[in-house]
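# Close look at the chain arrangement
The primary structure of each chain is shown beneath.
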Amino acid sequence: MNRDMSPDEFREHAHKAVDWIADYLRDIRQYPVVPNVEPGDLIAALPTSGPEQGEPMDRIFADFQRQILPAVTHWNHPNFHAYFAISASGPGILAEMLMTALDINGMLWKSSPAATELEQVTLDWLRQWLGLPDKQFGIIYDTASISTMHAIAAARERADPRCRTEGSTPNLVMYCSEHAHSSNEKGAISIGVGKNNVRKVPMDLEFRMRADVLRQMVEQDVAAGKKPFCVVSAIGTTATTACDPTAEIAQIAKEYGMWLHVDAAYAGPAAICEEFRPLFDGWELADSIVVNPHKWFATPVDLSVFYTRHPDILRRAYSLVPDYLVTAEDSKVVNHMDYGVQLGRRFRALKLWFVMRYFGRDTLAAMIRDHCQWAREIGDRALLDGRFEIGAPIPFSLVCLRLKGPDEKTFALIDHVNRSGKAFLSPTALNGKTYFRLAIGNIKTTREDIENTWNTILQAANL
Ligand SMILES: Cc1ncc(COP(=O)(O)O)c(C=O)c1O
């Protein structure tokens, strides 16, 4: 007895769903970017327990449109400019559909050779596009937070291999800038290094880590009997997309035997364009790097790429093979379960392969160049307008602006724009003042969309 939906019924509903998706992508600008709901609205609208008997798909789908959609924030909207703008592109969506139908669990080569080998091939293509040297081992995790946690675990394994069996030693310390992403501290918390052992290195006037102060802090820690074991250099910080001086940091890491992890979660894809490479100077010396195709590479959430020159150390940190997972091919293949916490894993490489093949490097590079150009243009317009202050340089596709005067004016502007449904901006604090972040990153965004967002901002500024 087949309890699943029949293939014919599936075909009927799949066609409807695909038609709906195609219409959604075509008409996406008609949706408010930010939903007009209050906390708890959706919970109150839904039944408090699940149905005993199954329901017809048409009814479920109708409720998706009637109840769920009005509470959705449209991340795939071309005027989504909060946090870092992202995009589920056509090829990425198609690959997600196929991945889900296959429902592969790529824990081992044996559990699906395609998942393991396509991941190896795709990440090597990406490595070449990014201009990284040979000898990088690549693996896909879900998010940059998890990639960075694995970097910290590998760093700890190298610094103090006893930790794997005995637990963390209390004297390990790691470093990142004051603007480094919170995932660094969360990684340290997760693997038992502890939040207090994450040193925040001060920044220069352009929000880049001060390598001279890093050196002093490391020296002080060594003198105090601590063991510096890891430093994180951000290429594209979350607040302003500033780039830490990775080459200088790499030199200090080398002198003190620290693992260098580069967080290029957002900005990494820009390295496919030669002209951005100087900002990445030194990342080729890193022990590990994270780049998120699910941020600025037209790939649907989630897909984070982790490269390391020391797969042996990562493997030492994590490999633990129960009898039921031993296979005859183990000595000849990569088993991804050996390189991280998780056993089960999705066939994410398929969507990166679809995206890279469908667009090619040229189109993705053109997208990145356009986004950066439009961000600079917004910066120029804001300066010409006279009412705005720019918070930071614009190396990539993020602009940080505020209205001159008290913070309340900027908060009111953000609120007005977001309530209009026409765009979504998010705040950040720089040097004690509030700015709004306008991030450009969706592959569907056009110059006209940016023009519209800017007009919405001007209307809010006029109030
Ligand atoms: C620089 C940087 N690193 C890490 C992260 C965390 O990314 P994820 O959501 O993939 O964990 C972010 C998120 O925006 C980020 O901007």
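Further up the page is the structure itself.
### Brief notes about the site of the ligand
If you check the shell around the ligand, you find 16 residues, and the closest are T143, A144, S145, T238 and A265. Broken down by class, the residue content of the shell around the ligand amounts to six nonpolar, nine polar and one charged.

### Quick look at the sheet that holds strand β3 (residues 198-201)
Read from one edge of the open sheet, seven strands run β1-β7-β6-β5-β4-β2-β3, paired in mixed fashion. Unpaired on one side and paired on the other, β1 (137-141) and β3 mark the two borders of the sheet. Along the sheet, successive strands turn relative to each other by an average axial angle of 20 degrees, direction set aside. In this structure, β1 lies alongside strand β7 (residues 304-308), joined through five bridges in antiparallel fashion.

### Considerations on the pairing of β7
Extensive coverage of β7 is indicated by the burial of five of its five residues. With four bridges joining them, strand β6 (residues 288-291) and β7 adopt antiparallel strand pairing. In the sheet register, I289 faces β7, and the bridge partner there is Y307.

### Notes on the sheet that holds strand β10 (residues 426-430)
One open sheet accounts for four strands, arranged β8-β9-β11-β10; its pairing is antiparallel. Every interior strand has two partners, whereas the edge strands, β8 (388-390) and β10, have only one. For this sheet, the mean inter-axis angle between neighbouring strands, taken without regard to orientation, is 40 degrees. Examined bridge by bridge, β10 and strand β11 (residues 433-439) share five bridges and lie antiparallel to one another. Each residue of the ladder has a partner; that of P427, found in β11, is F436. Its contacts with the sheet put helix α14 (residues 407-420) on β9 (398-403), β10 and β11, and the angle it makes with β11 is roughly 30 degrees.

### A word on helix α4 (residues 90-102)
Structural remark: α-helix, 3.6 residues per turn; residues separated by three or four positions point the same way. End to end, α4 covers 19 Å across 13 residues, agreeing with the expected 18 Å (1.5 Å per residue, within 8%). Within α4, burial applies to P91, G92, A95 and E96. Taken end-on, α4 shows its buried residues confined to a sector of 140 degrees, consistent with a single buried face. With respect to the buried face of α4, the exposed residues turned more than 90 degrees away are L98, T100 and A101. Packed against the buried residues of α4 are α13 (349-385). At the exit of α4 stands D103, carrying a positive phi of roughly 50 degrees.

### A short note on the pairing of β3
Summarising the sheet, strand β2 (residues 172-177) and β3 pair through four bridges and their orientation is parallel. Residue pairing across strands places M174 opposite V198, the latter belonging to β3. For the crossover from β2 across helix α8 (residues 182-190) to β3, the handedness is right-handed.

### Thoughts on the packing of helix α9 (residues 211-223) against helix α10 (residues 246-256)
Relative to each other, α9 and α10 sit at 15 degrees, their axes nearing to 9 Å. As judged from the angle between their axes, α9 and α10 are roughly parallel. Between α9 and α10 lies a crossing of right-handed hand. Counting all contacts with α9, which are made through A211, L214, R215 and V218, the residues of α10 involved are E248, I249, I252 and Y256. When its residues are assigned to classes, the contact of α9 with α10 shows six nonpolar, no polar and two charged.

Calculation criteria
- Residues numbered from 1 in each chain as written.
- Predicted model: local features only at pLDDT ≥ 70, side-chain atom pairs only at ≥ 80, totals over all residues.
- Near = placed C-beta within 6 Å.
- Nonpolar A, V, L, I, M, F, W, Y, C, P; charged D, E, K, R; others polar.
- Pairing = 2+ DSSP bridges.
- Helix = DSSP H or I, 4+ residues; strand = E, 2+ residues; numbered from the N terminus.
- Axes fitted to C-alpha atoms, helices over the stretch in contact; angles between N-to-C directions.
- Buried ≥ 20, exposed ≤ 12 C-beta atoms within 10 Å, placed from the backbone.
- Contact = placed C-beta atoms within 7 Å.
- Expected span 1.5 Å × (residues − 1).
- Arc of directions from axis to C-beta.
- Right-handed = clockwise from strand over helix to strand, strands pointing away.
- Parallel < 35°, antiparallel > 145°, perpendicular 65-115°, else oblique.
- Left-handed = near helix turned anticlockwise from the far one by under 90°.

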